[in-house]
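Secondary and tertiary structure notes
Here are the chains, one letter per residue:
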Amino acid sequence: MPVAAARPISLTASQRHRLKKMAYGHKTAHQARMRANVVLHAARGRSNARITRETGLHLDTVRRWRRRFAEQGMAGLADRQRTGRPPSFTALQAAQVKALACQLPAETGAPLSRWSCPELAREAKVRGIVPAVSASTVRRWLAQDALKPWQHRSWIFITDLDFGPKAERVLDLYARTWQGRPLGPDDLEACQRSHRDRTGVPSVRLAILRN
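Here the structure is a predicted model, which is why all the values come from computation and not from measurement. (Residues numbered from 1 in each chain as written. Predicted model: local features only at pLDDT ≥ 70, side-chain atom pairs only at ≥ 80, totals over all residues. Heavy atoms only, no water.)

Along the chain, the regular secondary structure elements total eleven helices and two strands. Along the chain, from the amino end to the carboxyl end, the secondary structure elements read α-α-α-α-α-α-α-α-α-β-β-α-α. Each of the 211 residues in the chain was classed as buried or not, and the buried ones make up 30%. Long-range contacts, defined here as pairs at least 24 residues apart, represent 48% of the contacts in the chain between residues at least 6 apart. Accessible area for the chain stands at about 14800 Å²; split by element, carbon and sulfur atoms hold 54% of it. (Helix = DSSP H or I, 4+ residues; strand = E, 2+ residues; numbered from the N terminus. Buried < 20%, exposed > 50% of the residue type's maximum accessible area, 1.4 Å probe, protein only. Contact = heavy atoms within 4.5 Å. Areas by Shrake-Rupley, 256 points an atom, 1.4 Å probe, with all protein chains shown as cover.)

With that settled, consider the pattern of salt bridges. Counting across every chain of the model gives seven salt bridges. Linking Arg7 and Glu71 is a salt bridge whose minimum nitrogen-to-oxygen distance equals 3.5 Å. One end of the pair, Arg7, is in the segment before α1 (13-24); the other, Glu71, is in helix α4 (residues 59-72), with 64 residues separating them in the sequence. Accessibility expressed as a relative area gives 36% for Arg7, which makes it partly exposed. Classification of Glu71 by relative accessible area gives partly exposed; the value is 47%. Linking Glu119 and Arg122 is a salt bridge whose minimum nitrogen-to-oxygen distance equals 2.8 Å. On the criterion of helical spacing, the pair formed by Glu119 and Arg122 is a turn pair, its members being three residues apart in helix α7 (residues 117-126). Accessibility expressed as a relative area gives 27% for Glu119, which makes it partly exposed. Judged by relative accessible area, Arg122 falls into the partly exposed class, the value being 47%. Several salt bridges converge on common partners, so that one network encompasses Arg46, Arg50 and Glu54. (Salt bridge = Lys/Arg side-chain N within 4 Å of Asp/Glu carboxyl O.)

This is the structure in structure tokens:
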């Protein structure tokens, strides 16, 4: 069966300029660069087989973009509008799931230390944001804005009944107060000496507080 001859390509100065800009532009999408390269090679009179070898593209891909440019010019290099089913989710639903991911689970009442994509999908369904959504879809939405809530860990439930008083003492020291009274340099030195006398180890935290 004879092989169809490659479509001859001739370029205007304007087309050549635009194609070179597409082929060598740093901000041009990879697919657009490849299509422009195919046409530029074809305009030099090269065969489809040679273009395939030099670009690493499949022969059918080279034929397609060569034919489309020959028939439609620059417009032939654009993606055709797809005729599949409409998107299952609205932009608002995706934004609401992203907003949920930016909240700590404890703030939403969820008994979790951090979000995972399956948990976000489940919570979005419970809240009525979506009828149902897969974890992979949630992961794709979050990746659009580089959101990784599973890397953030928070406290949920504190089981130590004395946690409040214990934390208050530490926080007071960071605030340079003790039992409601401001601590001065002399107080910090006295605390540090007392700690060193008891343990033989300098108090690093108090030394940091002094500075």
